[in-house]
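Listed below, chain by chain, are the residues.
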Amino acid sequence: MDVLSNTKVISLIAPLFLIQLLLIVIALIVLFKAERTRGPKWLWVIIILFGNLLGSIAFFLFGRRSV
Amino acid sequence: MTKWLILFRKEWLEMIRSYKIVWLPISFIVLGASQPIATYFMPDILSSAGNMPEGAIISLPTPKPFEVLASSLQQFGVIGLLLIALSNMSALSLERSSGTAAMILVKPVSFVSFVTAKWAAILSLSMVSFLFGYSAAWYYTIALFDSVRWLEVLLSAMLFALWLGFVGTLALMFSSLIRSAAAAAFSALATAALLSIVSSTLPFKQVWNPGRLPTLAAGSLDTAQHINNSSLSVWLTAIVTAVAIAIALVIATGSMRSRPSDV
Amino acid sequence: MSVLLSVEQLTKRFDEELAVDNIGFEIGEGRCVALLGPNGAGKTTTIRMLTGLLQPTSGTIQFSGMKQGQDRREWIGYLPQTPAFYGWMTGREFLVYAGRLCGLSAKEAASRSNELLERVGIASAGKRKIGGYSGGMKQRLGLAQALIHRPRLLVLDEPVSALDPIGRREVMAMIGELKNETTVLFSTHVLHDAEELCDDILIMRRGQLSLAGSLATLREENREPVLSLEIEEDDHSRQWLAGWINKLPNGILATSETRGSVRLIAQDLETARRAVLKELTKSEVSLSKLEIGHSTLEDLFLKVVTAP
């Protein structure tokens, strides 16, 4: 295996972080726009921000209540 | 056929408006990419975790590229499967309990179209998400480790996609049979787990068992293993799975036909 | 009058319970028919079998003039008791979707949707998500989607029972207009609604069809003498009334009673009048009003649904 330089590694991993960030941002936008959620909104903010990928997924799966 | 397309388009519109079209592919991409990255940094992670005597040298064998890809498939086989089962657990039961199925099924629409349009929409998004995720895994494996031949990747992707499609169809079927969404998801996952455990624990070869697919998919990445799996038995398993999917759709259609609404 | 729909020996059994018991009726082309009966009489079950939402245990449902193998649902427009929609769609999107599923072309569905949104009075809300609609707006949208393919038979299940008095008025007026354009079958437990709109009524009770016919004929055929009796509100008179209606002489039947008044249907007016007057004097009841008249549909309805 070639040893990769640090900058190369960072440039490889950066897109992954960006896409995760994108998911979190979308989840937060949907959360603030939603009229009804299961459970309080502030709790979902914490779950989305600190729950990482699983937090956002949990919100999309269970957080919204259909009207 | 026009009506089928109209139903199919409605399902896609719903997936767009509920953002499923965004979060499911992203989840799969993150899932697929994180496995090669975590493997690459494993020595660093271990050494920074402390608890190591001063001067200890950690030497982990560098995994072969196909092993990294196979471990991504394992991730998809657990969390990916969970996502697919959970996101479809109320696909039909919600239409029934909310009364929308009754609104649509009093129109001259065939029950088969109603169920299969939903099924096709669910599966197409699941497949696309998995392909994105697996491509990400492949890309990072090449970038951080070494290349894997595309033909082997393609074969394993097709086998694994069939397995995901099978579990997605199970979730859809159980959502037509069971009112509780959680119970439907559990039933689909339990069936999948059971089949896959049976396929690996029982001492005889089970060509008829779709639960063999994840193992076949991982195995097809390893050139050394190719000899063990005759392509005929792989084809047979694929055909059995396709038939099982068709049967599940027939059951789901029958269930909707006999009881289009709860009220 | 040509027959549009004929129903024969229709039966639905749920496990032990016989929800609809061998009913048969015909609906004439262009008529407005009310399916009347108390809650739990089997009205909704009957309607759900007509629309194909429920498989009958036995019996036939046949549209006249429908080709062999043609889908009955093509001719039916249906508004359920509580219409349900996809909250993420706009009202207009749902109408177009419904229209296309009924076989309209994209262009036709679009123009028909605009027309109907206008007609049911929610044109301004057409571009809003249904999730934000009120109950009355959903009822109107429900009516619009039932009409989208110009059905031969419009089936409405308790169309006004969930609405407030104003919404009720408006929807009744809409149905009144629609009955000039198509055949209408609607269920209700309120006789007054049926009387206001309908040509024919079908009265159901405990899964059976108790009475069927045109409103005019039923009124005529079932005209019976009625004695309407009111008494003062003193204790003695009230006690007498409460006791007396439980042991009415033969040929007299109480249809409705409230505190201090009762309506009595008599087989023979003279005998009944004599019997009542005799009883009144004997018991020294303070009478406030005794009126002799003829039975209304309400008396008939009450008699049919309360008969043992």
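Higher on the page you've got the structure.
Here's what I pulled together on the structure shown here. (Residues numbered from 1 in each chain as written. Chains lettered and ligands numbered in written order. Predicted model: local features only at pLDDT ≥ 70, side-chain atom pairs only at ≥ 80, totals over all residues. Heavy atoms only, no water.)

This next bit is on the packing of helix 6 (residues 111-144) of chain B against helix 7 (residues 150-177) of chain B. Residue and element names in this part refer to chain B. Where helix 6 contacts helix 7, the two axes come as close as 9 Å, and the packing angle between them is 145 degrees. The way helix 6 lies across helix 7 gives a crossing that is right-handed. Taken together, the residues of helix 7 that come into contact with helix 6 (itself represented by Val115, Lys118, Trp119, Ile122, Leu123, Met127, Phe130, Leu131, Tyr134 and Trp138) are Trp150, Val153, Ser156, Ala157, Phe160, Ala161, Leu164, Gly165, Gly168, Thr169 and Leu172. Within the contact of helix 6 with helix 7, the residues separate by chemical class into 16 nonpolar, four polar and one charged. (Axes fitted to C-alpha atoms, helices over the stretch in contact; angles between N-to-C directions. Helix = DSSP H or I, 4+ residues; strand = E, 2+ residues; numbered from the N terminus. Left-handed = near helix turned anticlockwise from the far one by under 90°. Contact = heavy atoms within 4.5 Å. Nonpolar A, V, L, I, M, F, W, Y, C, P; charged D, E, K, R; others polar.)

This brings us to the sheet that holds strand 8 (residues 200-205) of chain C. All names here are of chain C. Strand order in the open sheet formed by six strands is 5-6-7-3-8-9, with mixed pairing between adjacent strands. Two strands lie at the open edges of the sheet, namely strand 5 (76-79) and strand 9 (208-214), each paired on one side alone. Between one strand and the next, the sheet's axes are offset by a mean angle of 15 degrees, whatever the strand orientation. Pairing between strand 3 (residues 32-36) and strand 8: four bridges, direction parallel. Looking across to strand 8, one finds that leucine 36 is bridged to isoleucine 203. Across the sheet, helix 10 (residues 297-306) touches strand 3, strand 8 and strand 9, and the angle it forms with strand 8 is around 30 degrees. (Pairing = 2+ DSSP bridges.)

Right, let's talk about the packing of helix 2 (residues 91-101) of chain C against helix 3 (residues 106-119) of chain C for a bit. Residue and element names in this part refer to chain C. One can describe the packing of helix 2 onto helix 3 by two numbers: an axis separation of 8 Å at closest approach and a directional angle of 130 degrees. On the basis of the axis angle, helix 2 is oblique to helix 3. Handedness of the helix 2/helix 3 crossing: right-handed. Where helix 2 approaches helix 3, its residues Arg92, Leu95, Val96, Gly99 and Arg100 are matched on the opposing element by Ala106, Ala109, Ala110, Ser113, Asn114 and Leu117. Broken down by class, the residue content of the contact of helix 2 with helix 3 amounts to six nonpolar, three polar and two charged. (Parallel < 35°, antiparallel > 145°, perpendicular 65-115°, else oblique.)

So, about the interface of chain B and chain A. Opposite the 22 residues of chain B that make contact, chain A presents 20 residues. Counting the surface lost from both chain B and chain A, the interface buries some 2,000 Å², and carbon and sulfur atoms represent 82% of this. Linking chain B with chain A are zero salt bridges, by the criterion used here. Applying the counting criterion to the chain B and chain A interface returns two residue pairs in polar contact (both at pLDDT 80 or more). Among the secondary structure elements, those contributing two or more residues to the side of chain B that touches chain A are helix 2 (20-48), helix 3 (65-87) and helix 6 of chain B. Per element, the largest residue contribution to the side of chain B that touches chain A is ten residues, and it comes from helix 2 of chain B. Taken together, the residues of the side of chain B that touches chain A break down into 18 nonpolar, four polar and no charged. (Buried area = accessible area lost by both parts, 1.4 Å probe. Salt bridge = Lys/Arg side-chain N within 4 Å of Asp/Glu carboxyl O. Polar contact = N/O pair within 3.5 Å; in protein donor to acceptor, adjacent residues only side chain to side chain.)

Residues and elements named next belong to chain C. Judged by which residues are buried, strand 5 turns out to be covered on both faces: Ile76 and Tyr78 on one side and Gly77 and Leu79 on the other are all buried. Here strand 5 runs beside strand 6 (residues 153-157); their pairing, made up of four bridges, is parallel. Within strand 6, the residue paired with isoleucine 76 across the bridge is leucine 153. (Buried < 20%, exposed > 50% of the residue type's maximum accessible area, 1.4 Å probe, protein only.)

Time to look at the sheet that holds strand 10 (residues 225-231) of chain C. All names here are of chain C. Read across the sheet, four strands follow the order 11-12-10-13 without closing on themselves; strand pairing throughout is antiparallel. Among the strands making up the open sheet, the edge pair consists of strand 11 (252-258) and strand 13 (287-294). Within this sheet the neighbouring strands show an average axis-to-axis angle of 20 degrees, counted without direction. Relative to strand 12 (residues 261-266), strand 11 runs antiparallel, the two sharing six bridges. The residue bridging alanine 254 from the neighbouring strand is leucine 264, located in strand 12. Sheet strands in contact with helix 9 (residues 269-283) are strand 10, strand 11, strand 12 and strand 13, and its direction is about 15 degrees off that of strand 10. Of the strands in this sheet, strand 10, strand 11 and strand 12 are in contact with helix 10, which crosses strand 11 at around 105 degrees.

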